[in-house]
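One letter stands for each residue in the lines below.
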Amino acid sequence: MIQFILTVFFLIATTANAASNSPDDMSERVKSCTICHGESDRAEQHVYYPRIGGKPVGYLYNQLRNFRDGRRHYQPMAILLENMPDDYLMDIARYFSAQSLPAYQPERHNLQPDEREMAEMMIFSGDSDRDIPACSDCHGRALMGKAPFIPGLLGLPRAYLSAQFGSWRNGGLVRGQVSDCMSKIAEKLTDREIIAIAKWLSIQEASDSPEPAGSLSPELAHRCSSIVEAEISS
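Parameters at a glance
- Residues numbered from 1 in each chain as written.
- Predicted model: local features only at pLDDT ≥ 70, side-chain atom pairs only at ≥ 80, totals over all residues.
- Heavy atoms only, no water.
- Helix = DSSP H or I, 4+ residues; strand = E, 2+ residues; numbered from the N terminus.
- Expected span 1.5 Å × (residues − 1).
- Buried < 20%, exposed > 50% of the residue type's maximum accessible area, 1.4 Å probe, protein only.
- Contact = heavy atoms within 4.5 Å.
- UniProt positions renumbered as here; feature names shortened; annotations may be inferred.
- Polar contact = N/O pair within 3.5 Å; in protein donor to acceptor, adjacent residues only side chain to side chain.
- Phe/Tyr/Trp six-rings, centres within 6.5 Å; stacked < 30°, edge-to-face > 60°.
- Disulfide = S-S within 2.5 Å.
- Axes fitted to C-alpha atoms, helices over the stretch in contact; angles between N-to-C directions.
- Left-handed = near helix turned anticlockwise from the far one by under 90°.
- Nonpolar A, V, L, I, M, F, W, Y, C, P; charged D, E, K, R; others polar.

An unreviewed UniProt entry lists the chain under the name Cytochrome c553, with Nitrosomonas marina as the source organism.

Because an α-helix completes one turn every 3.6 residues, residues spaced three or four positions apart along the sequence face the same direction. The end-to-end C-alpha distance of helix H11 (residues 191-202) is 17 Å, a good match for the 16 Å that 12 residues give at a rise of 1.5 Å each. In terms of burial, H11 is a largely internal element, 9 of the 12 residues being buried. At its buried positions, H11 is contacted by helix H7 (113-124), helix H9 (158-170) and helix H10 (181-188).

With that settled, the discussion passes to the UniProt feature "binding site: heme c 1" (unreviewed entry) in the chain. The feature "binding site: heme c 1" (unreviewed entry), as given by UniProt, occupies Cys33, Cys36, His37 and Met77 in the numbering adopted here. Taken along the chain, the residues just named run across 45 residues; in space they keep tight, none of their C-alpha pairs more than 12.0 Å apart. Among the secondary structure elements, Cys36 is positioned in helix H3 (residues 31-37). Following the sequence through the fold, His37 ends up in helix H3. Every residue in contact with His37, bar those within four places of it in the chain, is listed here: Tyr49, Pro50, Arg51 and Ile52.

Moving on: H7. For H7, spanning 12 residues, the distance from its first C-alpha to its last is 16 Å, which sits close to the expected 16 Å at 1.5 Å a residue. Summarising the contacts, the buried residues of H7 are in contact with helix H8 (135-139) and H11. Gly126 sits one or two residues past H7 and shows a positive phi near 75°.

Attention now moves to the side chain of Glu193. Looking at where Glu193 falls in the secondary structure, it is placed in helix H11. We classify Glu193 as buried; its relative accessible area is 8%. At 2.9 Å, the side chain of Glu193 forms a polar contact with the backbone nitrogen of Thr190. In this structure, Glu193 is in contact with Met118, Met122, Arg130 and Lys188, ignoring residues within four places of it in sequence.

Let's shift gears to the packing of aromatic side chains. Counted by the stated rule, this structure contains 3 aromatic pairs. Centre to centre, the rings of Tyr95 and Phe96 are 5.1 Å apart; their planes meet at 85°, and the pair counts as edge-to-face. Seen in terms of ring centroids, Phe124 and Trp200 are 5.7 Å apart; in terms of plane orientation they differ by 80°. Their pairing is edge-to-face. Placement of Phe124 in helix H7 and of Trp200 in helix H11 is noted, with a sequence separation of 76 residues between them.

Scanning the entire structure with this criterion turns up 0 disulfides. Cys36 takes part in no disulfide bond, and the closest cysteine sulfur, belonging to Cys33, lies 8.9 Å away.

Next up on the list: the side chain of Thr34. Mapped onto the secondary structure, Thr34 falls in helix H3. A distance of 3.1 Å separates the side chain of Thr34 from the backbone oxygen of Lys31, its partner in a polar contact. Not counting residues within four places of it along the chain, the set of residues in contact with Thr34 comprises Glu39 and Phe96.

In a pair of packed helices, the angle between the axes and the distance between the axes together describe the arrangement. Two elements in contact, H9 and H11, have axes separated by 8 Å at closest approach and are oriented at 145°. Judged by the sense of rotation from one axis to the other, the crossing of H9 with H11 is right-handed. Taken together, the residues of H11 that come into contact with H9 (itself represented by Arg158, Leu161, Ser162, Phe165 and Arg169) are Asp191, Ile194, Ile195, Ile197, Ala198, Lys199, Leu201 and Ser202. Split by residue class, the contact of H9 with H11 holds 7 nonpolar, 2 polar and 4 charged.

Quick look at the structure:
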C-alpha cells in the first residue's frame with residue numbers, strides 16, 4: 001500500500017511539474033506516462049506495462065477514456081486522468097501514436113512442436129467450431145494491429161500477454177467488468193492455448209505498422225463494436 005501511494009504521488013507531482021515548466025510541450029506533459037511505459041527509443045520495459053508508442057490513435061484514446069471513466073480500473077491511471085477532457089485525451093493519444101515503435105528484444109522461450117502448432121493455428125486460423133476468430137483477423141496478418149482502433153500483439157512480453165488473458169477471462173481489476181469481444185474469446189480458450197499463444201507472440205520481432213481499418217471485416221467490426229467507437233478527427 002505504501003508503494004502504491006508513493007507511486008501515485010510521484011506521478012501526480014511529475015505531471016504537475018512538467019505542466020508548469022513547459023505547458024506547450026507535449027513531451028513534457030506526458031512524462032508521467034513514460035515513467036511506467038518507457039520511452040520509444042529505449043529497449044527496457046517493465047513486463048507489466050505495455051508499450052504505447054506507435055499504437056493506433058483510436059485504441060489509445062479509447063483506453064484513456066476507459067481508465068478515466070472507470071471502465072478499466074487502475075488507480076494511478078484514474079487519478080492522473082481525472083477531469084481531463086476528451087480533446088486533451090485525444091492529444092495524448094495522437095502524440096504517442098505518432099511515435100516509432102519502441103525497440104523490443106524478443107524473449108527466448110522453447111516452444112514444443114505441439115505448442116507451436118497450437119499457437120499458430122489459433123493465431124492464423126482460429127477455431128470456427130468454438131466461434132473463435134483468428135487473432136490475425138482482427139490484429140492484422142502481421143499482428144501489428146489495424147488503425148485506428150486495434151492494437152498490435154507483437155513487442156509485448158509473455159507475462160503481460162498472459163496477465164491480460166487472465167483479466168479478460170476473470171474480469172480482473174485492470175481490464176474491468178465491461179464485456180467486449182476479447183473477454184468472450186478468452187473465456188473459450190484453454191489454459192494451454194493461452195500459454196502457447198503468449199509464448200509464441202513474445203518471441204516474435206515487432207517491425208511493421210498497423211494495417212488500415214478497411215481490412216477489418218464488417219462482422220468483426222460489429223462483434224467488437226465496444227472498441228470501434230471513437231471519432232478520430234484530423
